[in-house]
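Architecture at a glance
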Amino acid sequence: MASNEVVMSAAGLKAAQDELEYLKTVRRKELAEEIKEARSHGDLSENSEYDEAKNTQGLVENRISELEQMLKNVKVIDESELNMDSIAVGMHVTIQEKGASAEEYDVVGRTEADPLNGKISDESPVGSALLGKGVGDAAEVLLPNGRTVTYKIVKIERSK
C-alpha cells in the first residue's frame, strides 16, 4: 500500500465527502458572515470576535485541504471481496483476553478510527496485531503502556 493511500469503507468515504461539502458550502459562508459582522464593530486590533472568526476560518480551510488531499488518495474497501478467513480492514471482530469479557471492534482505516465507538485503526497496536489472523488464532499486542496482552480471535464477520 502506498504511504499516502487512505483506506476506508464506503460509509467512511461518504462521511468524508459530506463533511467536505458542508465545510465548503455552509461553514465557509457562516464564517464570512461572522467576519463581516465582527469587522463592523470597529478597531480590528482589539476585536476578539474578529480574531476568533479568522482563527476558525483558518482551521476550516486546513480541514478542507486535508479532506481534499485524503479524498485524492482514497482506496475504498470492497466488502464483497473480503476473505472471511482472516482479519482485514472492513471486518467486525470479536476478541477475548484470557479471563476477561469478549470485546467487539470494527477494523477500519486510520481516518475512520473511533475507539470509543468500537472502531479501531488497522495502524493501531491492537488493529495491526489482528491483521491476517483467523478465528482461534492468538494475537500478541504490545500496548503503549508497555504491557503485552494476548487476544484470542473468537469471531470474524463483515462490519455491521
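What you see is a predicted model; the values in this text were computed from it and never measured.

As a further point, take the pattern of salt bridges. Close approach of charged atoms allows side chains with opposite charge to pair. A complete count under the given rule lists 9 salt bridges for this structure. For D18, the salt bridge goes to K14, with nearest N and O atoms at 2.9 Å. Residue D18 and its partner K14 are located together in helix α1 (residues 10-39), separated by 4 residues, close to a single helical turn. Residues R28 and E61 are paired through a salt bridge, measuring 2.8 Å at the closest nitrogen-oxygen approach. Taken together, the residues R28 in helix α1 and E61 in helix α2 (residues 48-72) connect sequence positions 33 residues apart. The exposure class of R28 is partly exposed, given its relative accessible area of 34%.

On to a negative patch on the surface, then. Taken together, E33, E37, E49 and E52 make up a surface patch of like negative charges. Inspection of the secondary structure assignment puts E49 in helix α2.

Next up on the list: the nonpolar core. Nonpolar side chains tend toward joint burial in soluble globular proteins. Ranked by size, the top nonpolar core spans 21 residues in total, and within it I87, V93, I95, V126, L130, V141 and I153 carry the most contacts. Elements with a minimum of two residues in this core: β3 (91-97), β4 (103-108), α3 (125-130), β6 (138-142) and β7 (148-158). The element contributing the most residues to this core is β7, with 4 residues. Residue contacts for I153: discarding those within four places in its chain leaves I87, T94, I95, L130, K133, G134, V135, G136, D137, A138 and A139. In terms of nonpolar packing, the next biggest core, distinct from the first, is built from 11 residues, V6, M8, L13 and L67 among them.

With that settled, the discussion passes to the environment of M70. Turning to its location among the elements, M70 is positioned in helix α2. Residues M70 and E5 lie 65 residues apart in sequence; the distance between their C-alpha atoms is 8.0 Å. Setting aside residues no more than four positions away along its own chain, M70 makes contact with V6, M8, A16 and T111.

Burial of β3 is extensive: 5 of the 7 residues sit out of reach of the surface. Across 7 bridges, the pairing between β3 and β7 is antiparallel. Among the inter-strand pairings, I95 is bridged to a residue of β7, identified as I153. For β3 and β4, the ladder comprises 4 bridges, and the chain directions are antiparallel. Bridging from a neighbouring strand, I95 pairs with E103 of β4. With antiparallel pairing between neighbouring strands as the criterion, β3 and β4 make up a hairpin whose turn holds 5 residues, including G99 at a positive phi of roughly 80°.

Moving on, we get to the packing of α1 against α2. The contact between α1 and α2 brings their axes to 9 Å, and the two run at 160°. When the interaxial angle is binned, α1 and α2 end up roughly antiparallel. Of the two possible hands of crossing, α1 and α2 adopt the one that is left-handed. Here the contact of α1 with α2 is built from residues that sort into 14 nonpolar, 3 polar and 11 charged.

Read from one edge to the other, the open sheet built from 5 strands follows the order β5-β4-β3-β7-β6, with strand pairing classed as mixed. In this open sheet, the two strands that pair with only one neighbour each are β5 (119-121) and β6. Along the sheet, successive strands turn relative to each other by an average axial angle of 45°, direction set aside.

Criteria and cut-off values
- For every chain, the first residue of the written sequence is number 1, and numbering continues from 1 onward in sequence order.
- Local features in this predicted model are restricted to residues whose pLDDT is 70 or higher, and side-chain atom pairs enter the listing and the counts only when it is 80 or higher, whereas totals over whole chains, interfaces and linings include all residues.
- Excluded from the side-chain calculations are hydrogens and water; all other atoms, namely the structure's heavy atoms, are used.
- We count a salt bridge whenever a side-chain nitrogen from Lys or Arg sits within 4 Å of a carboxyl oxygen from Asp or Glu.
- Runs of E in the DSSP output that reach at least two residues are strands. Runs of H or I that reach at least four are helices, and both are numbered from the N terminus.
- Buried means the residue's accessible area, taken with a 1.4 Å probe over protein chains only, is under 20% of the maximum for its type, while exposed means over 50%, and partly exposed covers the values in between.
- The patches described consist of residues with a relative accessible area above 30% and no salt bridge, like charges being joined within 9 Å and nonpolar side chains (Val, Leu, Ile, Met, Phe, Trp, Tyr) within 5 Å.
- Areas reported here follow the Shrake-Rupley algorithm with a probe of radius 1.4 Å; residue values treat only the protein chains shown as occluding.
- Charged-residue counts in this description rest on Lys and Arg as positive and Asp and Glu as negative, His and the chain ends being excluded.
- In this description, the location of a charge corresponds to atom NZ of lysine, CZ of arginine, CG of aspartate or CD of glutamate.
- Residue types Ala, Val, Leu, Ile, Met, Phe, Trp, Tyr and Cys, when buried and joined through side-chain atoms within 4.5 Å, form a set referred to as a nonpolar core.
- Any two residues whose heavy atoms approach within 4.5 Å are treated as being in contact.
- Following DSSP output, two strands are said to pair if at least two bridges run between them.
- Angles here are taken between N-to-C directions and fall from 0 to 180 degrees, while the axes themselves are lines fitted to C-alpha atoms, restricted in helices to the stretch in contact.
- Geometric relationships in this document are graded by angle, where less than 35 degrees denotes roughly parallel, more than 145 denotes roughly antiparallel, 65 to 115 denotes roughly perpendicular, and other angles denote oblique.
- Crossing handedness is read from the near helix: turned anticlockwise from the far helix by less than a right angle, it gives a left-handed crossing, and turned clockwise, a right-handed one.
- Residue classes follow a fixed rule: Ala, Val, Leu, Ile, Met, Phe, Trp, Tyr, Cys and Pro count as nonpolar, while Asp, Glu, Lys and Arg count as charged, and any other residue, Gly among them, counts as polar.

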